[in-house]
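# Observations on the model geometry
In case you want the letters, here they are:
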Amino acid sequence: GAAHLILRNTAMPIGVFGGVTYTQHMAGDDRPLHAIAGVEIAAVGASNTVYLQAGGLFLIAGDDAIGRMYFGRAGFRHFFGENTMIEAAFAGGYAPEADSDDPDINTATWLQGAIGLERRIGSGPLSVLAGYQADYYRVNGDGDFTSVLVHTLKVGVRMSFGGTLA
């Protein structure tokens, strides 16, 4: 679960976000519980929004998981009227404690680039979205590096309660 609270004024919204994640790994009985917390600031124009986020992920319970990770994200949204939005974002993170259960796995680095389009359906609460995301992971295991690049195509439906996309 997660929560996102933004205090808006006309020019510079600021906010905080947080949540809890629970993961069951594909192999084994490890079920780490993490807390996520961060801050956000944005600059809002007539049809554009630029935002910055910074935060961290911290292990609450479990093992064989990331002990702590710090991350940042920068994004840009452009609104074509009230019902269509395109968004691009770049994010990155660094985990100085990449595996709480294995001292041979020292650090991890994560980079992400994403772009997406969202279109509200008529005047109702539903919108459709599509996007592309690339994630690069690099893990330092006692001097040896392992890296992987993951490509993700996203298609979905979002329900909003009140307002427009803009």
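Residues numbered from 1 in each chain as written. Predicted model: local features only at pLDDT ≥ 70, side-chain atom pairs only at ≥ 80, totals over all residues. Heavy atoms only, no water.

## What about the overall build of the protein chain?
Inclusion rule: The secondary structure listing takes helices from DSSP runs of H or I that are at least 4 residues long and strands from runs of E that are at least 2 residues long, numbered from the N terminus. Buried residues are those whose accessible area, probed at 1.4 Å on protein chains only, stays under 20% of the maximum for their type, while exposed residues exceed 50% and partly exposed ones sit between those limits. Residue contacts are defined here by distance: any two heavy atoms, one from each residue, within 4.5 Å place the two residues in contact.
Secondary structure summary: the protein chain contains zero helices and nine strands in total. Traced from its N-terminal end to its C-terminal end, the protein chain shows the element sequence β-β-β-β-β-β-β-β-β. For the protein chain, the proportion of its 166 residues judged to be buried stands at 27%. Taking contacts inside the protein chain between residues at least 6 apart in sequence as the whole, the part at least 24 apart equals 45%.

## Here's the deal with the packing of aromatic side chains
Here is the rule we go by: What counts as a ring pair is set by centres within 6.5 Å for rings of Phe, Tyr and Trp (its six-membered ring), and what kind of pair is set by the plane angle: stacked under 30 degrees, edge-to-face over 60, tilted for all other angles.
Counted under the stated rule, the structure contains two aromatic pairs. Measuring from centroid to centroid gives 6.0 Å for Phe58 and Tyr70, while their planes differ by 70°, and the two rings are edge-to-face. Taken together, the residues span a long stretch of sequence, with Phe58 in strand β4 (residues 48-61) and Tyr70 in strand β5 (residues 68-79) at a distance of twelve residues.

## Structural notes on the pattern of salt bridges
Where we set the bar: A side-chain nitrogen of Lys or Arg and a carboxyl oxygen of Asp or Glu constitute a salt bridge if their distance falls within 4 Å.
Enumeration over the complete set of coordinates arrives at three salt bridges. A salt bridge links Arg73 to Glu87; the nearest nitrogen and oxygen atoms lie 3.7 Å apart. Of this pair, Arg73 sits in strand β5 while Glu87 is found in strand β6 (residues 84-97), placing the two residues 14 residues apart along the sequence. With relative accessibility at 19%, the residue Glu87 sits in the buried group.

## Observations regarding a nonpolar patch on the surface
This is how the line gets drawn: Patch membership requires more than 30% relative accessible area and the absence of a salt bridge. Residues of like charge join within 9 Å; the nonpolar side chains Val, Leu, Ile, Met, Phe, Trp and Tyr join within 5 Å. To measure how exposed things are, a 1.4 Å probe is used in the Shrake-Rupley method; for residues, cover is taken only from the protein chains shown.
Judged by side-chain polarity, Phe80, Ile86, Ile115, Leu117, Tyr132 and Leu153 come together as a nonpolar surface patch covering roughly 580 Å² of accessible area. With respect to the helices, strands and loops of the structure, Ile86 is situated in strand β6.

## Quick word on the nonpolar core
This is how the line gets drawn: Take the buried residues of types Ala, Val, Leu, Ile, Met, Phe, Trp, Tyr and Cys, join any two whose side-chain atoms come within 4.5 Å, and each joined set is a nonpolar core.
Within the largest apolar cluster, six residues are counted, these being Leu57, Met69, Ala91, Ala95, Ala108 and Trp110. Looking at this core, the elements with two or more residues in it are β6 and β7 (105-120). Dropping the residues within four chain positions of it, Ala91 is found in contact with Gly72, Arg73, Trp110, Leu111 and Gln112.

## Digging into the pairing of strand β3 (residues 33-44)
Basically, it comes down to this: Note on pairing: two strands pair once DSSP finds at least 2 bridges between them.
The sheet contact formed by strand β2 (residues 14-22) and β3 spans nine bridges and is antiparallel. If you follow Tyr22 over to β3, its bridge partner there is Leu33. Note: β3 against β4, twelve bridges, orientation antiparallel. Looking at the pairing, Ala35 lines up with Phe58 of β4. Remark: three residues form the turn of the hairpin made by β3 and β4, two consecutive strands paired antiparallel.

## Here's the deal with the environment of Ile66
Here Ile66 lies in the loop between β4 and β5. Measuring from C-alpha to C-alpha, the distance between Ile66 and Ala108 comes to 8.8 Å, with 42 residues separating the pair along the chain.

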